[in-house]
Amino acid sequence: MSRMGDVLAGLHAAWEFESDSVLIRYERGIRTPKLFQALGERRVPLEAIAGVTLTRGKRGTVVLRVEPRPGADPLMEAAAGQLKESGDPYRLVLPAEREVLAEYYADELRTLLTESGPADRFLVKPPEGPLSFKAYDGKATFDGRTVNFRWFWTGASSAKWKAGDQSFSVGELNGVEWRSPEVFEGHLRLLRRDAEMSAAQADQDPAAVVFGLGYGPVHESLPFAAAVLAAVRTSSPVAAVPAPRRDPADIAERIRHLGELHQAGLVTDEEFSVKKAELLAEL
């Protein structure tokens, strides 16, 4: 490009143009979308960019946008087109008086782009872990190798309580299904390699957490989904890691809640006995 290190500052972000990439630094401020703040900064290699556009925006602005190649960015793959325009991390909004400067950078970028079509691997780095977020029915954690769901007794369905807390090695997974709480009833479902796609509602599926109503918003759940997806794509199937032994107080609380479900008629005598034995075996 013109000179390595040139910076174009806009609303909520500044783009630094390097010889082989665009470094996007997001602002931290009360008006900056929370997703941008969570991302911090992202380096987008030129080989991950399919095109560049410059369009008129709202209220005297112009919008410079780079179009990532399909399959190049785990964040956009996980989002699957569900992000609102204001939450698109590839848009830079500028005052209209900077249109000429923006057009200059757009033209410079276009001359350097040599790739198009779907990418055969992720080219943009995923969000770094360890990551976690609180959904409505449980807490999800990811350490780079294993996804854990720990159910909340105040939100988890009886089906999830009966199944117990879940642990999934990335080697067991084939992908993720993320649904934005701003578009749908939000959920994150883990897709297992050796299992058919679950037909169960997410609130009944032990391989999914549900969120909304202030739980598991986009800026927490989407980077989590992207990190898991990237790990899955670069992993090979491995044996599941045995779950660690649990805190006795935690086991006692879960047995107590299981007893409440049993008394309410939501768990049969046989299911209660089997699940209680499983919980006691974890001590």
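Residues numbered from 1 in each chain as written. Predicted model: local features only at pLDDT ≥ 70, side-chain atom pairs only at ≥ 80, totals over all residues. Heavy atoms only, no water.

S.K.: How do you make sense of the sheet that holds strand β11 (residues 166-169) when you look at a structure like this?
M.R.: Working definition: the strands of a sheet are paired by backbone hydrogen bonds and lie parallel or antiparallel to each other. Here we have four strands laid out as an open sheet, ordered β8-β9-β10-β11, and antiparallel in their pairing. Lying at the two open borders of the sheet, with one neighbouring strand each, are β8 (131-134) and β11. Going across the sheet, the axis of each strand differs from the next one's by a mean of 10°, ignoring polarity. Sheet strands touched by helix α5 (residues 218-233): β8, β9 (138-142) and β10 (146-151). Its angle to β8, the strand with the most contacts, is close to 140°. (Pairing = 2+ DSSP bridges. Helix = DSSP H or I, 4+ residues; strand = E, 2+ residues; numbered from the N terminus. Axes fitted to C-alpha atoms, helices over the stretch in contact; angles between N-to-C directions. Contact = heavy atoms within 4.5 Å.)

S.K.: Looking at this model, I keep getting lost on the pairing of strand β7 (residues 91-95). Mind explaining?
M.R.: For a regular strand, the rule is simple: side chains alternate between the two faces of the sheet. Counting buried positions along β7 yields four of five residues, so the element is predominantly enclosed. Note that strand β6 (residues 61-68) and β7 share five bridges and pair antiparallel. Within the sheet, the bridge partner assigned to V63 lies in β7 and is V93. (Buried < 20%, exposed > 50% of the residue type's maximum accessible area, 1.4 Å probe, protein only.)

S.K.: Can you walk me through the confidence of the model for the chain in this structure?
M.R.: Low-confidence regions, as indicated by low pLDDT, have predicted coordinates that should not be scrutinised in detail. For the chain, the average pLDDT comes to 88, and 90% of its residues sit at 70 or higher. Across the chain, the secondary-structure element scoring lowest on mean pLDDT is helix α6 (residues 248-263), at 73, and the one scoring highest is β10, at 98. Note on residues 238-243: pLDDT is under 50 here. Beyond four places in sequence and across chains, it has four contacts. (pLDDT = per-residue confidence, 0-100.)

S.K.: Would you mind going over the sheet that holds strand β1 (residues 6-9) with me for this structure?
M.R.: Spatially, β1-β2-β3-β4 is the arrangement adopted by the four strands of the open sheet, whose pairing is antiparallel. Across the chains shown, the open sheet's two edge strands, defined by having one partner strand only, are β1 and β4 (41-45). The average undirected angle you get between the axes of adjacent strands in this sheet is 20°. Pairing of strand β3 (residues 21-26) with β4 involves five bridges; the strand directions are antiparallel. The residue bridging R25 from the neighbouring strand is E41, located in β4. Contacting β1, β2 (13-17) and β3, helix α3 (residues 99-112) runs over the sheet at an angle of about 130° to β1.

S.K.: Got a minute to help me understand the packing of aromatic side chains in this structure?
M.R.: In this description, an aromatic ring pair is defined by two values, namely the gap between the centres and the angle between the planes. In the structure shown here, the tally under the stated rule is nine aromatic pairs. Between W15 and F17, the ring centres sit 6.5 Å apart and the planes meet at 65°, which makes this aromatic pair edge-to-face. Accessibility expressed as a relative area gives 0% for W15, which makes it buried. For F17, a relative accessible area of 1% gives the class buried. A ring pair is formed by F133 and F211, whose centres lie 5.7 Å apart and whose planes are at 80°; its orientation type is edge-to-face. Of this pair, F133 sits in strand β8 while F211 is found in strand β14 (residues 208-211), placing the two residues 78 residues apart along the sequence. Residue classification places F211 among the buried positions, given a relative accessible area of 4%. (Phe/Tyr/Trp six-rings, centres within 6.5 Å; stacked < 30°, edge-to-face > 60°.)

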